[in-house]
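Survey of secondary and tertiary structure
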Amino acid sequence: MNLGALVLVTTSYTISGDGREAAGSFVADLADEASRRMPVRVVAPGHEDAIESPRPGLQIYRYAASDKPLSTLRPWRARDLTDLFSVMAQGQKATDRAVSDGSVARILALWALPCGHWARRAARRGGLSYSVWTLGSDIWSLGRIPVVRSHLARVLGDAETCYSDGLQLAEDTKRIGGREVEFLPSTRRIDGMRIAAPKNAHPYRLLFLGRWHPNKGVDLLLQALAFLGDDAWSCIDAVEICGGGPMEVEVRREVERLRALGRPVELHGYLDKAAAEEAMLRADFVMIPSRIESIPVVFSDAMKLGCPVITMPVGDLSSLIHQHGCGICAETVSAPAFAAALRTALRSSPADFSHGVEIAARDFDLHRIVDAILPPGLAETGEGT
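**Focus: the sheet that holds strand β7 (residues 161–164)**
- Here 8 strands make up an open sheet; going across it, the order is β3-β4-β2-β1-β5-β6-β7-β8 and the pairing mixed. What marks the edges here is a single partner per strand, and that holds for β3 (50–55) and β8 (182–183).
- For strand β6 (residues 131–134) and β7, the ladder comprises 4 bridges, and the chain directions are parallel. Residue Trp133 lies in a different strand from β7, and its bridge partner there is Tyr163.
- Contacts from helix α3 (residues 112–126) reach β1 (5–10), β4 (58–64), β5 (104–110) and β6 within the one sheet, and its direction differs from that of β5 by about 155°.
- This element, helix α6 (residues 167–177), spans β6, β7 and β8 of the sheet and lies at about 140° to β7.

**Structural notes on the nonpolar core**
- In this structure, Leu225, Ile241 and Phe299 are the most contacted members of the largest nonpolar core, which totals 66 residues.
- The greatest single-element share of this core, amounting to 8 residues, is contributed by helix α13 (residues 335–347).
- Within the second largest apolar cluster, 32 residues are counted, among which are Tyr61, Ile107, Ala122 and Ala159.

**So, the pairing of strand β2 (residues 40–46)**
- Here β2 lies mainly inside the structure; 7 of its 7 residues are buried.
- By the alternation rule, side chains of β2 split into Val40, Val42, Ala44 and Gly46 and Arg41, Val43 and Pro45, which are all buried.
- Sheet analysis places β1 next to β2, joined by 4 bridges and oriented parallel. When the sheet's bridge partners are listed, Val9 is paired in β2 with Val43.

Here is what the cut-offs are and how they apply
Residues numbered from 1 in each chain as written. Predicted model: local features only at pLDDT ≥ 70, side-chain atom pairs only at ≥ 80, totals over all residues. Heavy atoms only, no water. Pairing = 2+ DSSP bridges. Helix = DSSP H or I, 4+ residues; strand = E, 2+ residues; numbered from the N terminus. Contact = heavy atoms within 4.5 Å. Axes fitted to C-alpha atoms, helices over the stretch in contact; angles between N-to-C directions. Core = buried A, V, L, I, M, F, W, Y, C linked by side-chain atoms within 4.5 Å. Buried < 20%, exposed > 50% of the residue type's maximum accessible area, 1.4 Å probe, protein only.

If you want it as C-alpha cells, here you go:
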C-alpha cells in the first residue's frame, strides 16, 4: 500500500559537500535513511531551481539560495534584503511543488523558520498537517525578535508535532509555542571507526571543527590558547583549527600570532565529511568553545568516533558531560575559563573518558531518530512501500 511520501523542508542540506553544512550533512543522512523505508521528497537550497533524483525513493527539490547562509543575511542591507525575499519566495514555491507532486504521508520542517513557515502554508493549501523540528538559532536568536517571535509561536503552535534537538531547547521551545515538545537529537551517519586505543599520556592533538563565527566561539578559543603557558604547550602535539566563515581575517591573524610564538597551530579550511572524520580520528580531544549551542553535530560525531570533548557550559553540553563523563566543561563562557578547561584536559588523558564517550554515543542512533519521524506503522515495522 502506498502511504505517500515524507516531505522534508529544510535550509540545511549539502550542496557542495565541502563541509560547510554540518547540519546539512545530518539532514542528508536522515533523508537517505528514511528513503530506504518510504518515498522522500526534500525541499533544500541549491545553486538553482531543480529536481534531483540521487537514488530510487529520494527526490530533492532545490530552490535557488544565496551563497551566504540564511542566518547571516541582514535585512537592513539592500543586497541582503533582496536575497532574503528571493529565498523566501523560492523556498515556498519549491515546498508547494514537493507537497503537490503526489500523496503525502507527513511534512516535517527542519527547522522552524523559514521552513516551518513554508510547511505551514503548503500544508494549509493541501488540507494536511505538518511537524517542526527546532534548532537553537530558531529559539535563541530569532525568538528574541518580538515580531518574529509572534510568528514563530504560530508556526510551532499549529504544528501536529514539535521536536527540538536539545533538552533545554525543548523547554524553551515549549515556552514560545505553548505546546508539548519532544527531544530528538540530530546526528550524522558515521563511517569511520577508532582502531587505536585512546592515549593515556601527552602530547595530545586538539581539534576545532566548525564555522568561524562568534556563536561558535572561535575567538574565545584563540584567546584561550594565548593564555596557555609553556608547560601546557609542552603537552600539546598540535592544535588543528578547521572551518571558515565571517571571522576569517581575525582567525588568521590570531593564528599567525600564536605561530610566531612557536605554538604548533595548524589552520585548514572546511572539511568534507570524510576528512572531518579523519581529523577526529587523529585528534585526542575535540574543542567546542561555543557561546550559543544546543547539542551540536560535532559533539555526536566526536562521541561516535571515540573522542572526548572540551566545551563551554552552554546548551546541554554541561549536563551531558557531567552525566556521562565524556569530557571537560569550562566553568563559565569565557576565554580564561576555557583555558583552565584545556589545562585540566592536558593533565588528564583521553583514556580517562573512554567509557563515558562510549555510553554517550548510544544516545545518537540515526535509525532510532528516523523511526521517530516516520508514520507510526512504518516505523514499527521498518518496511518500505
